[in-house]
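# Survey of secondary and tertiary structure
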Amino acid sequence: MKALLELENVSVKSGNEFRLKNIQLSIKVGEKIALLGENGAGKSTLISVANGAIYPDIGKVLWRGKLLSCLTNRQRNTIGTIWQDLRLVEELSVAQNINIGALGRHNLLWALRNLLSTISMDKCLKCLEAAGLELKLLTSPVANLSGGQRQRVAIARLLRQQAELLLADEPFSSLDPNLVNEVIQLFVKERTVESINIPSTCLISLHRPDLIQSFTRVIGLKQGELIFDHPIQEVSQSEITSLYKEK
């Protein structure tokens, strides 16, 4: 099967230090990949390289065989990201933030209409419901929401984007255990939601190694280097433990 996303010998430097070093990674359609590593291991940098937010100092990133840096905005929109800091627009409502996920498929006039009023309510409602957020919050300002509610708005925005690949940087950090399970069912177990195209492929950074059993593949990063990359059945507890030990 041809790769959806490829990182070929990717390195990213910060001053004289490597944030990522010689990363070789291939992601195929349908894979559910968990990304493990302690804080500072390079997980966020890897996700930023994979979606084109950061260009590597060495190596290249390919999307369906084409350089990621050469894609149009519409083509880039097939890669969706849930950032650790969420990147919601505080001044806008929940619905307006959800619609931001669809900007890549619409023109400037549509974007202006979204800024001035609430549009595409039916689609926003379905995304909000799938993300487990109360529908009555649809017109609420994002600034008034709790941390967990905000995280679910970011998930709903991703669903509105209709991406092929989901990249997520610790998307469960502010969610209660029940909702964590619902989100895993949504993205990893491919729960079907009417009228919503859920990404069939994902790379999700986790702060909880106990969640990996729902995934098909596990990657371990330590100090910017790829330590292991295995199908879930081949990952050992000792390998996971080694990611969180000092060298």
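One can find the structure itself at the top, above this paragraph.
This section reports on the structure supplied with the text. Treat the numbers as computed from the prediction; the structure is a model and nothing was measured.

A few words on unusual backbone geometry. Backbone geometry at arginine 87 places phi at a positive 60 degrees, although glycine is not the residue there. In this structure arginine 87 comes out as partly exposed when scored by relative accessible area, which is 46%. Even without a glycine there, the phi angle at glutamate 170 is positive, about 50 degrees. Positionally, glutamate 170 belongs in the loop between β7 (165-169) and α7 (177-187).

Of the positions making up helix α5 (residues 121-130), those classed as buried are Cys124, Cys127, Leu128 and Ala130. What you see down the axis of α5 is that its buried residues fit within an arc of 165 degrees, all on one side. Of the exposed residues in α5, those oriented more than 90 degrees away from the buried face are Asp122 and Glu129. Close packing links the buried residues of α5 with α3 (94-99), α6 (147-161) and α7.

Tallied over the entire structure, the rule returns zero aromatic pairs. One residue, lysine 13, lies across the ring of phenylalanine 18, its end atom 5.3 Å from the ring centre. Geometry around tryptophan 83 places arginine 87 over its ring, the cationic atom sitting 3.7 Å from the centre.

As a further point, take the pairing of strand β4 (residues 58-63). Two faces belong to every sheet, and in a regular strand the side chains alternate between them. Across five bridges, the pairing between strand β1 (residues 3-14) and β4 is antiparallel. Residue pairing in the sheet places leucine 7 in a bridge with valine 61 of β4. As paired strands, β4 and strand β5 (residues 66-67) are joined by two bridges and run antiparallel to one another. Of the residues in β5, the one forming a bridge with tryptophan 63 is lysine 66. Between the end of β4 and the start of β5, which pair antiparallel, lie two residues, with arginine 64 showing a positive phi angle near 50 degrees.

Rules behind the numbers
- Residues numbered from 1 in each chain as written.
- Predicted model: local features only at pLDDT ≥ 70, side-chain atom pairs only at ≥ 80, totals over all residues.
- Heavy atoms only, no water.
- Buried < 20%, exposed > 50% of the residue type's maximum accessible area, 1.4 Å probe, protein only.
- Helix = DSSP H or I, 4+ residues; strand = E, 2+ residues; numbered from the N terminus.
- Arc of directions from axis to C-beta.
- Contact = heavy atoms within 4.5 Å.
- Phe/Tyr/Trp six-rings, centres within 6.5 Å; stacked < 30°, edge-to-face > 60°.
- Lys NZ or Arg CZ within 6 Å of the ring centre and 35° of its normal.
- Pairing = 2+ DSSP bridges.

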